[in-house]
Amino acid sequence: MIEDTGFRIVYFLHILTVVVAFAPTVIAVLPGGRDGTLGLLDRAGRQIYAPALILAGLFGILAIVTSDDVFEFDQTWISLAFVVWIAMNGVYHALVLAGQRQNDGAKVNNGQAIMTVLLLIMLYIMIWKPGWP
């Protein structure tokens, strides 16, 4: 049941890892060069943000499993969330992290812009739950 302590702990971890995973997307709009805020984001991306993005999805899966059939894998909004989560991981690893390794600012900026759009789509899915009764 979603009132269960186990579900609430998993749900808390899900939300926490989402916040950590998207910190660079929010902070990236701040002005600063590669040595300032953006340089810090580059260094932390592989160690903190990429694992947090992966864990966010895994904790989401655990939240579904521990919800005692309130949420199920065959619900439309959950399927859409999986598609967007997979896209987020692809964009983050293929554009943002790869651009950082190659010192390609345009690739990083494009990746972060796409991640922002995907975050907005995911927020819509998580709040309005399309196809859920």
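Computed from a predicted model, the values in this text were never measured in an experiment.

### Here we look at the overall build of the protein chain
Thinking step 1. A tally of regular secondary structure across the protein chain gives 5 helices and 0 strands.
Thinking step 2. For the protein chain, the succession of helices and strands along the chain, N to C, is α-α-α-α-α.
Thinking step 3. Out of the 133 residues in the protein chain, the part that is buried amounts to 38%.
Thinking step 4. Counting only contacts in the protein chain whose residues sit at least 6 apart along the sequence, the fraction spanning at least 24 positions is 69%.
Thinking step 5. Of the roughly 7600 Å² of accessible surface on the protein chain, a fraction of 70% belongs to carbon and sulfur atoms.

### Points about a nonpolar patch on the surface
Thinking step 1. Taken together, L120, L123, Y124, I127 and W128 make up a surface patch of nonpolar side chains, about 580 Å² in accessible area.
Thinking step 2. Y124 sits in the partly exposed class, given a relative accessible area of 45%.

### Concerning the packing of aromatic side chains
Thinking step 1. In total, this model carries 7 aromatic pairs according to the counting rule given.
Thinking step 2. Ring centres of F7 and F71 lie 6.4 Å apart, and the angle between their planes is 35 degrees; this geometry places the pair in the tilted category. Of the two residues, F7 is situated in helix α1 (residues 5-21) and F71 in the loop between α3 (37-65) and α4 (76-101); the sequence distance between them amounts to 64 residues.
Thinking step 3. The class of F7 is buried, set by a relative accessible area of 6%.
Thinking step 4. Taken together through their ring pairs, the aromatic side chains of F7, Y11, F71, W77 and W132 make up a single cluster.
Thinking step 5. We note K129 situated over the ring of W77; from NZ or CZ to the ring centre the distance is 4.9 Å.

### Here's the deal with the packing of α4 against helix α5 (residues 105-128)
Thinking step 1. One can describe the packing of α4 onto α5 by two numbers: an axis separation of 9 Å at closest approach and a directional angle of 165 degrees. Taken together, the axes of α4 and α5 are roughly antiparallel relative to one another. Here the hand of the crossing between α4 and α5 comes out left-handed.

### Brief notes about α5
Thinking step 1. An ideal rise of 1.5 Å per residue puts 34 Å on 24 residues; α5 measures up with 34 Å between its terminal C-alpha atoms.
Thinking step 2. Burial in α5 covers these residues: V108, G111, Q112, M115, L118, L119, M122 and I125.
Thinking step 3. The opening residue of α5, the one whose side-chain oxygen lies 3.2 Å from the backbone nitrogen of A106, is D104.

### Section: a negative patch on the surface
Thinking step 1. Together, D4, D68, D69, E72 and D74 line one region of the surface with negative charge.
Thinking step 2. Its place among the elements puts D74 in the loop between α3 and α4.
Thinking step 3. Look at D74 and you get exposed, because its relative accessible area is 63%.

### Re the nonpolar core
Thinking step 1. With 28 residues, the main nonpolar core has F22, L53, M88, Y92 and M115 as its most contacted residues.
Thinking step 2. With 10 residues, the single largest contributor to this core is α4.

### Topic: the confidence of the model for the protein chain
Thinking step 1. Looking at the protein chain, pLDDT values average 87 and 85% of them are 70 or higher.
Thinking step 2. The lowest-confidence element of the protein chain is helix α2 (residues 23-27), averaging 69 in pLDDT; the highest-confidence one is α4, averaging 95.

Criteria and thresholds
Residues numbered from 1 in each chain as written. Predicted model: local features only at pLDDT ≥ 70, side-chain atom pairs only at ≥ 80, totals over all residues. Heavy atoms only, no water. Helix = DSSP H or I, 4+ residues; strand = E, 2+ residues; numbered from the N terminus. Buried < 20%, exposed > 50% of the residue type's maximum accessible area, 1.4 Å probe, protein only. Contact = heavy atoms within 4.5 Å. Areas by Shrake-Rupley, 256 points an atom, 1.4 Å probe, with all protein chains shown as cover. Patch = residues over 30% accessible without salt bridge, like charges linked within 9 Å, V, L, I, M, F, W, Y side chains within 5 Å. Salt bridge = Lys/Arg side-chain N within 4 Å of Asp/Glu carboxyl O. Phe/Tyr/Trp six-rings, centres within 6.5 Å; stacked < 30°, edge-to-face > 60°. Lys NZ or Arg CZ within 6 Å of the ring centre and 35° of its normal. Axes fitted to C-alpha atoms, helices over the stretch in contact; angles between N-to-C directions. Parallel < 35°, antiparallel > 145°, perpendicular 65-115°, else oblique. Left-handed = near helix turned anticlockwise from the far one by under 90°. Expected span 1.5 Å × (residues − 1). Polar contact = N/O pair within 3.5 Å; in protein donor to acceptor, adjacent residues only side chain to side chain. Lys, Arg positive; Asp, Glu negative; His and termini not counted. Charge placed at Lys NZ, Arg CZ, Asp CG, Glu CD. Core = buried A, V, L, I, M, F, W, Y, C linked by side-chain atoms within 4.5 Å. pLDDT = per-residue confidence, 0-100.

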